[in-house]
Amino acid sequence: MVQAKLHPTSLTGNLQSISPSESEQVIQFKHSDKYRTSEWYSGHGQIAASGDNRSFEVSATYTLKAEVKLVEGVFEIANPTLAQAYCRRGRCVAIVDQTVAQLYGEALSNYFAHHNIALEVLTCRAWESDKTPDTVHRLLKFLGKDGCDVSRNEPVLVVGGGVLSDVAGLACALHHRRTPYIMVGTTVVAAIDAGPSPRTCTNGTQFKNSLGVYHPPALTLVDRNFFRTLETGHIRNGMAEIIKMATTDDPVLFELMEQHGARLLQTHFATLDSDEGSDKDSNEALAQIADEVIYRALFSYMKHEGTNMFETYQDRPHAYGHTWSPRFEPAAKLMHGHAVAIGMAFGASLAVEMGWLKSADRDRIIALCQALELSVYDPILEDVDLMLEGQKNMRRKRGDGGLWAPLPTGIGSCDYAQEVPPELLQAAIISHQQCCSTLPNQGRGKEMYLHDLGLE
Ligand SMILES: NC(=O)c1ccc[n+]([C@@H]2O[C@H](COP(=O)([O-])OP(=O)(O)OC[C@H]3O[C@@H](n4cnc5c(N)ncnc54)[C@H](O)[C@@H]3O)[C@@H](O)[C@H]2O)c1
């Protein structure tokens, strides 16, 4: 095989150097920066001709830049971050969650008015029931020719929770086939998980989150001051996603959550006064801990999710607690964070059953969930058929190569179970039930069902 490797920068789109008379040829192809239009996306590739003038193979690498930043007071006039991102264009096209617009819309308008940047806003109700293709179409109309006519290189500003980040991220991915967006996550889930995530989506007719594409924000801004106005139930839900990263990837984060999680919950990440009353120094210390917890959870999540952009590898620790729960969460009408916590606690019992985890570490995981009033048990787990069906669905979703269930092997580490045979699953269910039967309230948490929060 003749490899005609050309210097990457020597080509700017000219394929004539493939000679039909030669046998196989591989040409590295790099486009000139002179023609580059996006500051976030780039790519290169190669084309390999078989040499018989009948076939060739193209392989291409797509590179994207996705930055994540903790910021303080993102809509405060003195904060330059958004002004710097939009001043060059003189306008900002924004999609904002309806509740967030009611609470922070004025601050957002004042910010851009002060910086002399025109603001065009679509306020969008973003309940779970609004996570539909119709909503995506409405957003596309706003971004499109008859709306704001957003260029493919103009970053859209998205401000809201996980529902909005999923649907607005998908609309941006579809608009001009890929339009960048800047995400300001206003819930804990959006700040540390859904917001920076590349997995944009809408619910399909049969499954939650079943239609979507991989398109992360070009920039994610995390400002925990938004958590002040969140319902405590939503703070608790977000904490389950922090525990999943702590358990599988970051033992320091786990210890921070053990020591400070309850106070972070109570004070909405140091944005409300503590019941115990506290002085300025201890408030500042808690604020620093809150930032460290958020940073660690984000870093750990994006280290795995951000570098595995198309989910082509299933060594994904952030799927801990998410193997069986997608099946039992809707069946038992559980809040998402509680379903994840039950999934994590059950996964820990399974890991003990398999000899992967010491029971003392399983007990620590359960104790941490309980300290934050997250559930670790629901009788729905005893429905073995439903659990087996959940495994089957998940195996399909994860690519048919196995179940690849992340399970803890200690505090801060995990491995992936390729398969969980029915007898093992059943034994783990029994042992988890026994373990939880002695816990206060049989392992049930606070506001664990959708109807507890009137969300049914
Ligand atoms: N793409 C991903 O990787 C990924 C990861 C995790 C979750 N998700 C998705 O995220 C969604 C859940 O996200 P969520 O928990 O952020 O819920 P959410 O977006 O429904 O927000 C919860 C509620 O809080 C309101 N709200 C938002 N910010 C607020 C604020 N600062 N103050 C007061 N109220 C505020 C919202 O209007 C909403 O009523 C689910 O649909 C889930 O599938 C996606």
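Note: the structure precedes this text.
This one's a predicted model, so the numbers in the text were calculated from it and none came from an experiment.

Draft legend 1. The arrangement of the packing of aromatic side chains in detail. Counted under the stated rule, the structure contains 10 aromatic pairs. An angle of 75° between the planes, with centres 4.8 Å apart, marks the rings of Tyr104 and Phe226 as edge-to-face. Here Tyr104, found in helix H2 (residues 98-114), pairs with Phe226, found in the loop between strand S11 (219-222) and helix H6 (232-249); they are 122 residues apart in sequence, far enough to count as distant. Given a relative accessible area of 15%, Tyr104 falls into the buried group. For Phe226, a relative accessible area of 4% translates into the label buried. When the centroid spacing of 5.8 Å and the interplanar angle of 90° are considered together, the rings of Tyr214 and Phe310 count as edge-to-face. Of the two residues, Tyr214 sits in strand S10 (residues 211-214) while Phe310 sits in the loop between helix H8 (280-305) and helix H9 (325-332), which places them 96 residues apart along the sequence. According to the relative accessible area criterion, Tyr214 is partly exposed, its value standing at 29%.

Draft legend 2. Focus on the site of the ligand. The environment of the ligand is formed by 24 residues, the closest being Glu128, Lys131, Gly162, Thr187 and Thr229. Interatomic distance of 3.2 Å between a side-chain N/O atom of Asn209 and an oxygen atom of the ligand. When isolated, the ligand has an accessible area of 870 Å², and the protein chains bury 87% of it. Counting only elements with at least two residues in the shell around the ligand, the list comes to H2, helix H4 (162-174) and helix H5 (188-194).

Draft legend 3. Fine view of the packing of helix H7 (residues 251-266) against H8. At a closest axis distance of 10 Å, the pairing of H7 and H8 adopts a crossing angle of 135°. Relative to H8, H7 is oriented oblique. Handedness of the crossing formed by H7 with H8: left-handed. Mapping the contact onto sequence places Val252, Leu253, Leu256, Met257, His260, Arg263 and Leu264 in H7 and Ser282, Leu286, Ile289, Ala290, Glu292, Val293, Arg296 and Ala297 in H8. The residue inventory of the contact of H7 with H8, partitioned by class, reads 10 nonpolar, two polar and three charged.

The rules behind these values
Residues numbered from 1 in each chain as written. Predicted model: local features only at pLDDT ≥ 70, side-chain atom pairs only at ≥ 80, totals over all residues. Heavy atoms only, no water. Phe/Tyr/Trp six-rings, centres within 6.5 Å; stacked < 30°, edge-to-face > 60°. Helix = DSSP H or I, 4+ residues; strand = E, 2+ residues; numbered from the N terminus. Buried < 20%, exposed > 50% of the residue type's maximum accessible area, 1.4 Å probe, protein only. Near = heavy atom within 4 Å. Polar contact = N/O pair within 3.5 Å; in protein donor to acceptor, adjacent residues only side chain to side chain. Areas by Shrake-Rupley, 256 points an atom, 1.4 Å probe, with all protein chains shown as cover. Axes fitted to C-alpha atoms, helices over the stretch in contact; angles between N-to-C directions. Parallel < 35°, antiparallel > 145°, perpendicular 65-115°, else oblique. Left-handed = near helix turned anticlockwise from the far one by under 90°. Contact = heavy atoms within 4.5 Å. Nonpolar A, V, L, I, M, F, W, Y, C, P; charged D, E, K, R; others polar.

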